[in-house]
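Coordinate inspection notes
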Amino acid sequence: MGDSIWSQTTEIPPRRVLEGEVETEVAVIGAGMAGILTAYFLERAGRQVIVLEAGRIAGGQTKNTTAKITSQHGRIYSKLIKDFGRQKAVLYARANEDAIAEYEKIVKENNISCHFERLPAYLYSTTDKKALKEEAKAAALAGIHAYFTEETALPFKTQGAVCFEHQAQFHPLEFMQAIAGDLTIYEHTRVLRVKGHTIVTDRGRVRAGQIIFAAHYPFADIPGFYFFRQHQMRSYVLALRKVQPIQGMYYSMDQTGLSLRMEGDILLLGGGSHRTGKAEPDTGYIFLRRMAQKYFPGHQEIACWSAQDCMPHDGIPFIGNYSLLRPYWYIETGFQKWGMTTSMVAARLVTDLICGVKNPYEKLFSPQRLHIKAGFPALIEDVGISISGLLKGLFNRFFARSGPVLPGRCSHMGCKLEWNGQEQSWDCPCHGSRFDAEGKLIDNPAVQSVPCKIKEHLN
Ligand SMILES: Cc1cc2nc3c(=O)[nH]c(=O)nc-3n(C[C@H](O)[C@H](O)[C@H](O)COP(=O)(O)OP(=O)(O)OC[C@H]3O[C@@H](n4cnc5c(N)ncnc54)[C@H](O)[C@@H]3O)c2cc1C
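Procedures and definitions
- Residues numbered from 1 in each chain as written.
- Predicted model: local features only at pLDDT ≥ 70, side-chain atom pairs only at ≥ 80, totals over all residues.
- Heavy atoms only, no water.
- 1 Å grid on protein atoms, 1.4 Å probe; cavity = no way out; pocket = protein on both sides within 12 Å on 5 of 7 lines; lining within 4 Å.
- Points joined across faces, edges and corners; volume = space filled by probe spheres on them.
- Helix = DSSP H or I, 4+ residues; strand = E, 2+ residues; numbered from the N terminus.
- Domains from an automatic or database assignment.
- Axes fitted to C-alpha atoms, helices over the stretch in contact; angles between N-to-C directions.
- Parallel < 35°, antiparallel > 145°, perpendicular 65-115°, else oblique.
- Left-handed = near helix turned anticlockwise from the far one by under 90°.
- Contact = heavy atoms within 4.5 Å.
- Nonpolar A, V, L, I, M, F, W, Y, C, P; charged D, E, K, R; others polar.
- Buried < 20%, exposed > 50% of the residue type's maximum accessible area, 1.4 Å probe, protein only.
- Core = buried A, V, L, I, M, F, W, Y, C linked by side-chain atoms within 4.5 Å.
- Buried area = accessible area lost by both parts, 1.4 Å probe.
- Salt bridge = Lys/Arg side-chain N within 4 Å of Asp/Glu carboxyl O.
- Polar contact = N/O pair within 3.5 Å; in protein donor to acceptor, adjacent residues only side chain to side chain.
- Phe/Tyr/Trp six-rings, centres within 6.5 Å; stacked < 30°, edge-to-face > 60°.
- Lys NZ or Arg CZ within 6 Å of the ring centre and 35° of its normal.
- pLDDT = per-residue confidence, 0-100.
- Near = heavy atom within 4 Å.
- Areas by Shrake-Rupley, 256 points an atom, 1.4 Å probe, with all protein chains shown as cover.

It is worth spelling out the layout of surface pockets at this point. By volume, the second largest pocket is sized at about 410 Å³. Surrounding the second largest pocket, 19 residues form its lining, Arg229, Arg369, Leu370, His371 and Ile372 being those nearest its centre. Counting residues per element, the ones that place at least two in the lining of the second largest pocket are strand E16 (318-323) and helix H10 (372-399). By residue number, the principal contributor to the lining of the second largest pocket is H10, which donates 4 residues. Two domains each put at least three residues into the lining of the second largest pocket: domain 1 (5-65 + 174-228 + 315-370) and domain 2 (373-454).

Attention now moves to the packing of helix H3 (residues 77-84) against helix H4 (residues 86-109). One way to put it is that H3 packs onto H4 with a least axis distance of 7 Å and a crossing angle of 140 degrees. One element, H3, and the other, H4, form an angle in the oblique class. For the pair H3 and H4, the crossing hand works out as right-handed. For the pair H3 and H4, the contacting residues are Tyr77, Leu80, Ile81 and Phe84 in the first and Arg86, Lys88, Ala89, Tyr92 and Ala93 in the second. Residue composition of the contact of H3 with H4, grouped by class: 7 nonpolar, no polar and 2 charged.

To continue, consider the environment of Phe376. Among the structural elements, Phe376 can be located in helix H10. Judged by its relative accessible area of 41%, Phe376 is partly exposed. For the pair Phe376 and Thr152, spaced 224 residues apart in sequence, the C-alpha separation works out to 36 Å.

What follows concerns the nonpolar core. Tyr77, Tyr103, Phe170, Phe175 and Phe365 are the most contacted members of the largest nonpolar core, which has 84 residues in total. Among all residues touching Phe175, those that are not within four sequence positions of it are Met33, Leu37, Tyr103, Ile106, Val107, Ile112, Cys114 and Phe170. Counting 24 residues, the second largest nonpolar core, distinct from the first, contains Phe156, Ala161, Leu240 and Leu258.

Domain boundaries in the protein chain define domain 1 (5-65 + 174-228 + 315-370) and domain 2 (373-454). Each of domain 1 and domain 2 has a C-alpha centre, and the two are 25 Å apart. With 12 residues of domain 1 in contact, the opposing surface of domain 2 contributes 11 residues. Summed over both partners, the interface of domain 1 with domain 2 buries about 980 Å², with 55% contributed by carbon and sulfur atoms. Considering only the side of domain 1, the residues that lose the most area to domain 2 are Arg190, Tyr217 and Phe227, jointly responsible for 44% of the buried surface there. In this structure, the connection of domain 1 to domain 2 is made through 0 salt bridges. Run the count over domain 1 and domain 2 and you get 5 residue pairs in polar contact (both at pLDDT 80 or more).

With the rule as written, the count across this model stands at 22 aromatic pairs. Taking 5.6 Å as the distance between ring centres and 55 degrees as the angle between the ring planes, the aromatic pair formed by Phe213 and Phe219 counts as tilted. Each member of the pair, Phe213 as well as Phe219, carries the same accessibility label: buried. Put simply, the rings of Phe213, Phe219, Tyr226, Phe318, Tyr322 and Trp329 pair up and form one aromatic cluster. We note Lys133 situated over the ring of Phe148; from NZ or CZ to the ring centre the distance is 5.2 Å. Sitting above the plane of the Phe41 ring, Arg348 keeps its charged end 4.7 Å from the centroid.

Turning our eyes to something else, we now look at the confidence of the model for the protein chain. The share of residues in the protein chain with pLDDT of 70 or more is 96%, and the mean pLDDT across the chain is 94. Confidence drops under pLDDT 50 across residues 455-459; counting only partners more than four residues distant or on other chains, this segment forms 12 contacts.

Here we come to the site of the ligand. Neighbouring the ligand are 36 residues, the closest being Glu53, Thr62, Thr66, Asp309 and Met340. A distance of 2.9 Å separates a nitrogen atom of the ligand from a polar backbone atom of Val191. Here a nitrogen atom of the ligand sits 3.0 Å away from a polar atom, N or O, in the main chain of Gly339. About the coverage of the ligand: the protein hides 95% of its 1,000 Å² of free accessible area. For the shell around the ligand, the secondary structure elements donating two or more residues are helix H2 (33-44), strand E11 (230-241), strand E15 (300-312) and helix H8 (339-355). Looking at the shell around the ligand residue by residue, the classes come out as 17 nonpolar, 14 polar and 5 charged.

This is the structure:
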């Protein structure tokens, strides 16, 4: 995996490692967009807060985002209205519109130079005009300034698009560098487990009154059972120069669609998605390069990168109390590839919960909600994949010792890892943990590397 254009153009100063024992009012686990924003608001609310980060600030998925700040989240409003009713769709829309406005406010108040720009966001399709019109109607019913249009700036034929006015984009790392400013952040400090108010890291311990899991995918399986309630999807991005600029931001509702936005004279072309651990032949960079060649001939590829995100079964992120059994633990996860606005929603909501302030979105995002009907098909699929992964992992452990790769089991729950040839990594199809070719941990929920001896070159 390469460095994103964000990482290539920002150098966030390093922070020290946590050694020994520390006591604090609030501890945030994870220094991605969600964790840093949460610490930022808590500190402004007068709380004593520290952030524990396994790697570097923004070194997880946030450095590899495409950084559109939108309330346009794919074909979501028709689904929300169908599954939960109009009132919940209105709340979802408002939460995300508030988030865009809050970014703008922080940028202006702190004079942050991060290319923040208001632009329209378009949801398009090359096949389904009816669905686009339905989504335009649903988004408008949810209170968004959205409308169907036949006009797009795309270099290929579409069935039209839903235009969401007054959305935004920015440079996420320049923004984070500014707001991380004076926060107390410990880098290269991985949390191994949390027991009650005690956080055990690979270097020391923290005792905290309240604990926020902003580690992207939560690693404490019980209580909460988040491993049972979401899976992870990978997506890929190419940065292209020498292309005809495109006005606005674009996202496709088609299964193999593309995401497009400009950053200066650079086009960010995203797509090639697949479930983590289940890369198909025509996905990832292979798919994107084919599309780039087709629609932007003569382009120059200057960077490529990838990331993954958590997909909750019912289509609504989990933000709030981790579990009724741990009222002092909080969770921010399930951002379904829209974690710029959702991190802001999460940061405001969790700050309000901790400070005892009423928040209008508490119920909508509550992790304690139960919408079995809305999430049932995804739940069944996930359970099937997890059982299959666990059985293959067990088979590997007991019978496949002489295979080309030893042992190939995830350190999270023991599912069989799958080789991702495009990214040279071992990926878990069950919950999305990833390891490099030598078994070193890349992505959670696993917290430990795996012993992994490769006997032959795999591709
Ligand atoms: C290709 C792609 C494009 C995207 N584009 C957009 C977009 O345009 N707009 C949008 O809104 N969203 C987008 N997203 C989604 C968005 O990027 C993510 O939802 C968001 O960055 C997640 O932020 P986070 O803080 O939750 O996670 P992360 O950024 O991953 O932060 C979590 C942090 O926790 C740390 N951590 C993990 N485990 C531990 C541990 N045990 N101890 C200590 N620290 C730990 C990690 O190192 C990491 O730094 C995109 C996603 C993908 C895949």
